[in-house]
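Descriptive structure summary
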Amino acid sequence: MTTLDPATTALILIDLQQGIVPRAGGPRSGDEVVATAKALAARFRAAGAPVVLVHVGFTPETMPSQAVDRPSLPPEGTPPDFSELVPGLVEPGDIVVLKHHWGAFTGTDLDLQLRRRGVRTVVIAGISTNMGVESTARSAWELSYDVVIAEDACASRSSELHAFAVDHILPLIARVVASGDIRLEG
């Protein structure tokens, strides 16, 4: 069991949006991730802890460099519905962050939003484990947050990509736990 103080802990859900959830390929479906994330978010809200919903979208003006070996973004940017959070995810009082990079801290006010609320620990989940989740976890750790990954509320394009992040990268910067093992009490 991982016991966290709701007064100093926030939940950050990564890219649970129309254009990304259907792309989850393992080890669980996007719909399974969303269901687990919604249940976890409900527990955080009930405990009075902040819930941060991060979504990503790109325009030609906001796109990171595509001078890479395998460009993955359309030059015209993503369609408007790509960035829409899945239905039933947002609740009043949630913090919604639009990002233009893999990680939720780069180019956003997320760090400021968390520090204003006294947050010192972040629980991170979402899609994709090895991209948005991992990048956000790395930045959080570098910013000196304690990081917890809710593994069963994460998925990637494949089970192999998810497993590599969970087995080899995330344990170096976070505690990796099942969402049901997270207890909020102060």
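Note that the structure is predicted; figures quoted are calculated from it, not measured.

**Quick look at the pattern of salt bridges**
A full pass over the atoms with the stated rule returns 6 salt bridges. Among the salt bridges present, the one from arginine 115 reaches aspartate 111, with a minimum N-O distance of 2.8 Å. Taken together, the residues span about one helical turn, with arginine 115 and aspartate 111 both in helix H2 (residues 110-116) at a distance of 4 residues. According to the relative accessible area criterion, aspartate 111 is partly exposed, its value standing at 22%.

**A short note on the side chain of asparagine 130**
Secondary-structure assignment places asparagine 130 in helix H3 (residues 129-142). Only 2.3 Å separates the side chain of asparagine 130 from the side chain of serine 156, close enough to count as a polar contact. Ignoring anything within four residues of it in the chain, the contact list for asparagine 130 reads Ser156, Leu161 and Ala165.

**What to know about the environment of alanine 41**
Relative to the elements of secondary structure, alanine 41 occurs in helix H1 (residues 30-46). Assessed through its relative accessible area of 0%, alanine 41 is described here as buried. For the pair alanine 41 and proline 79, spaced 38 residues apart in the sequence, the C-alpha separation amounts to 27 Å.

**Remarks on the sheet that holds strand S4 (residues 95-99)**
Spatial ordering of the open sheet is given by S4-S3-S2-S5-S6-S7, a layout of 6 strands whose pairing is parallel. In the strand order of this sheet, the two ends are held by S4 and strand S7 (175-177), each with one partner. Across this sheet, the average inter-strand angle for adjacent strands is 25°, counted without regard to direction. Two strands pair when backbone bridges link them, and strand S2 (residues 9-14) and strand S5 (residues 121-127) are joined in this way by 6 bridges, in the parallel orientation. Looking at S5, one finds that leucine 13 is bridged to alanine 125.

**Considerations on the side chain of serine 83**
If you trace the backbone, serine 83 turns up in the loop between strand S3 (51-56) and S4. The buried category is assigned to serine 83, whose relative accessible area is 13%. If sequence neighbours within four positions are ignored, serine 83 has contacts with Gln17, His55, Val56, Gly57 and Thr78.

**Some words on unusual backbone geometry**
With omega at 0°, the peptide bond leading from glycine 26 into proline 27 counts as cis. Here proline 27 shows up in the loop between S2 and H1. Between isoleucine 127 and serine 128 the backbone carries a cis peptide bond, its omega angle lying at 5°. Within the secondary structure, serine 128 is located in the loop between S5 and H3. Not every positive phi belongs to a glycine, and aspartate 15 is a case in point at roughly 55°. As for its placement among the helices and strands, aspartate 15 is situated in the loop between S2 and H1. Assessed through its relative accessible area of 4%, aspartate 15 is described here as buried.

**Some points on the pairing of S2**
In terms of burial, S2 is largely enclosed, as 6 of its 6 residues are buried. The alternating pattern of S2 places Thr9, Leu11 and Leu13 and Ala10, Ile12 and Ile14 on opposite faces, both of which are buried. Pairing analysis gives 4 bridges linking S2 to S3, with the strands arranged parallel. Bridge pairing in S3 places leucine 13 opposite leucine 53. Following the chain from S2 across H1 to the adjacent parallel S3, one finds a crossover that is right-handed.

**Focus on the packing of H3 against helix H4 (residues 159-169)**
Contact geometry of H3 with H4 gives a least axis separation of 9 Å together with a crossing angle of 25°. Judged on the interaxial angle alone, H4 and H3 are roughly parallel. For the pair formed by H3 and H4, the contact residues are Thr129, Asn130, Glu134 and Arg138 on the first element and Leu161, His162, Ala165, Val166 and Ile169 on the second. Each residue belonging to the contact of H3 with H4 can be placed in one class, and the counts come to 4 nonpolar, 3 polar and 2 charged.

Criteria and thresholds
- Residues numbered from 1 in each chain as written.
- Predicted model: local features only at pLDDT ≥ 70, side-chain atom pairs only at ≥ 80, totals over all residues.
- Heavy atoms only, no water.
- Salt bridge = Lys/Arg side-chain N within 4 Å of Asp/Glu carboxyl O.
- Helix = DSSP H or I, 4+ residues; strand = E, 2+ residues; numbered from the N terminus.
- Buried < 20%, exposed > 50% of the residue type's maximum accessible area, 1.4 Å probe, protein only.
- Polar contact = N/O pair within 3.5 Å; in protein donor to acceptor, adjacent residues only side chain to side chain.
- Contact = heavy atoms within 4.5 Å.
- Pairing = 2+ DSSP bridges.
- Axes fitted to C-alpha atoms, helices over the stretch in contact; angles between N-to-C directions.
- Right-handed = clockwise from strand over helix to strand, strands pointing away.
- Parallel < 35°, antiparallel > 145°, perpendicular 65-115°, else oblique.
- Nonpolar A, V, L, I, M, F, W, Y, C, P; charged D, E, K, R; others polar.

These values are about where atoms sit, not about what they do.
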